[in-house]
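Descriptive analysis of the structure
Spelled out, the chains give:
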Amino acid sequence: MTAEEVVNEGHTIAIEGEDITPKKDGGVLKLVKKEGAGAEFPMTGDKVFVHYVGTLLDGTPFDSSRDRGEKFSFELGKGQVIKAWDIGVATMKIGEICQLICKPEYAYGAAGSPPKIPPNATLVFQVELFEFRGEDITEDEDGGIIRRIITKGEGYTKPNEGASVEVCLEGRHEDRVFDERELKFEVGDGESLGLPSGVEKALQSMEQGEEALFTIKPKYGFGTAGSEQFNIPPGATLQYKITLKAFEKAKESWEMNSIEKLEQSAFVKEKGTQYFKEGKYKQAAVQYKRIVSWLEHESSLQGEEEEKAKALRLAAHLNLAMCYLKLQDPNLALENCDSALELNANNEKALFRRGEALVFMKEFDRARADFQHVAQLYPANKAAKSQILLCQKHIKEQHEKDKRLYANMFQKFAERDAKKEAEQEKKPNGRVMEIDENGAQEQTAA
């Protein structure tokens, strides 16, 4: 505990508290008014929820979340608040109330924050911490991957798809460590090393040197299948502690000239094909998508290079369609077949695979049309002829089912009408009582 005196408008004011600044320069003094509960403190990147009252040294209030009746939230350690808050709140526990005395260099400095905070003002905050939670790093913010930073990294760049990474990781399920390794690999290749997709998504959110804890829900972990390799049951939530020791980003599309894009596309096409042969369809799809992203809007190529790019794009879409069929995702398969057919309207594989996707979606009429188109253009394609017969069988079965459904429906309507007529005939004088908005009125039955 330290104590010091501050002169304020000719008055000497005694202030006390523990110096919690990393430099121990007295810039932020903390005095606990009410102890918090538990053993955990917020980590960098956590979203924290607080109430606060801010005053000048003479007691003049300048801001209060309590007056507004709404808790204030921010991401800790991200520079969203004054330095004193990032330092002070990181030392608090849930339920704690403390006083933070903040010198100008840890608050609003020489400029102040007019009109309420004058230049070079030392500020006093009373802060209560209610809640903190990790950062959701998923694109949809579905809570599937939550990050809590142990050690902040350096720089502003992060690994991208295809980046070479060097990591140290520890995977836990409940209280058991099931995976503990140091690895070097390319982002996108993790599945071949037994890593769930959530780990690679986690890596793409990290800075070099960062150490963080990730809670990974089943959707981004080992899913409903679990992992036989690591003895993980279906539907398990995982915890990974990951340190990103070093990385080298893969070149982005805008960083490559057209020739480099062609060279890299040919390379990753071979890589994707190898993954496909090994049954690693998700990893294969990652490679083929890179080709599309590099070449889809490349307009500077001419002649032979332009034809090579078109051939690579066509192969990428065809192979993506096949990957998604294997992964039982007919919508993405259909989308890639359509893209392939924009490049070559009569492509045999694109028409056939689109037909397969439509069969999966039970759109048998459209599927039959695609298979008939294949059979017409490529008479030697026996598989297309077999698929036409299969589609016709499904269409016939559907027609029979519809006939039975409508027959039953009409029968029910007829029985209902007959019942109504029989009930109406039983009423005396053929009169029924109908109720309208004006009350009960007797009317002659039709």
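Every value quoted in this text rests on a predicted model; they were computed, and no experiment measured them.

As for the state of the cysteines
The final tally for this structure, using the stated rule, is zero disulfides. Take Cys98: it sits in no disulfide, and the sulfur closest to it among the cysteines is that of Cys102, at 9.2 Å.

Examining helix α4 (residues 258-277)
With 20 residues, α4 should cover 28 Å at 1.5 Å per step; its first-to-last C-alpha distance of 29 Å lies within 8% of that length. Ser258, Lys261, Leu262, Ser265, Val268, Lys271, Gly272 and Tyr275 are the residues of α4 that are buried. Turning to α4, the residues buried within the fold contact β12 (176-186), α5 (281-295) and α6 (303-326). Residue Asn257 occupies the N-cap position of α4, its side-chain oxygen lying 3.1 Å from the main-chain nitrogen of Ile259. Positive phi shows up at Gly279, right after α4, with a value of about 80°.

Looking at the sheet that holds strand β11 (residues 164-173)
Sheet strands pair by backbone hydrogen bonding; their relative direction is either parallel or antiparallel. Strand order in the open sheet made by the six strands is β9-β10-β13-β14-β11-β12, with antiparallel pairing throughout. Every other strand in the sheet has two partners, leaving β9 (135-136) and β12 as the edge strands with one partner each. As paired elements, β9 and strand β10 (residues 145-151) share two bridges and run antiparallel to each other. Bridge pairing links Glu135 to Arg147 in β10.

So, the confidence of the model for the protein chain
Looking at the protein chain, the pLDDT average stands at 90 and 89% of residues meet or exceed 70. Within the protein chain, strand β16 (residues 439-444) has the poorest average pLDDT of any element, 38, and helix α7 (residues 330-343) the best, 98. Confidence drops under a pLDDT of 50 for residues 430-446, and excluding neighbours within four residues, the segment shows 22 contacts in the predicted structure.

Here we look at the pattern of salt bridges
In the structure shown here, the tally under the stated rule is 27 salt bridges. A salt bridge links Glu166 to Lys245, with the nearest nitrogen and oxygen atoms 3.9 Å apart. Here Glu166 is found in strand β11, whereas its partner Lys245 is found in strand β14 (residues 238-248), with 79 residues between them in sequence. Glu166 sits in the partly exposed class, given a relative accessible area of 26%.

Brief notes about the side chain of Ser64
Relative to the assigned elements, Ser64 resides in strand β5 (residues 61-64). We classify Ser64 as buried; its relative accessible area is 9%. A polar contact is formed between the side chain of Ser64 and the backbone nitrogen of Asp67, at a distance of 3.1 Å. If we ignore the near neighbours within four places in the chain, the residues touching Ser64 are Tyr52 and Val53.

Notes on α5
Between its terminal C-alpha atoms α5 stretches 21 Å, which fits the 21 Å expected from 15 residues at 1.5 Å a residue. When α5 is considered as a whole, its buried residues turn out to be Gln283, Ala284, Ala285, Val286, Gln287, Tyr288, Arg290, Ile291, Val292, Trp294 and Leu295. Its buried side turned inward, α5 meets β12, α4 and α6.

The rules behind each value
- Residues numbered from 1 in each chain as written.
- Predicted model: local features only at pLDDT ≥ 70, side-chain atom pairs only at ≥ 80, totals over all residues.
- Heavy atoms only, no water.
- Disulfide = S-S within 2.5 Å.
- Helix = DSSP H or I, 4+ residues; strand = E, 2+ residues; numbered from the N terminus.
- Expected span 1.5 Å × (residues − 1).
- Buried < 20%, exposed > 50% of the residue type's maximum accessible area, 1.4 Å probe, protein only.
- Contact = heavy atoms within 4.5 Å.
- Polar contact = N/O pair within 3.5 Å; in protein donor to acceptor, adjacent residues only side chain to side chain.
- Pairing = 2+ DSSP bridges.
- pLDDT = per-residue confidence, 0-100.
- Salt bridge = Lys/Arg side-chain N within 4 Å of Asp/Glu carboxyl O.

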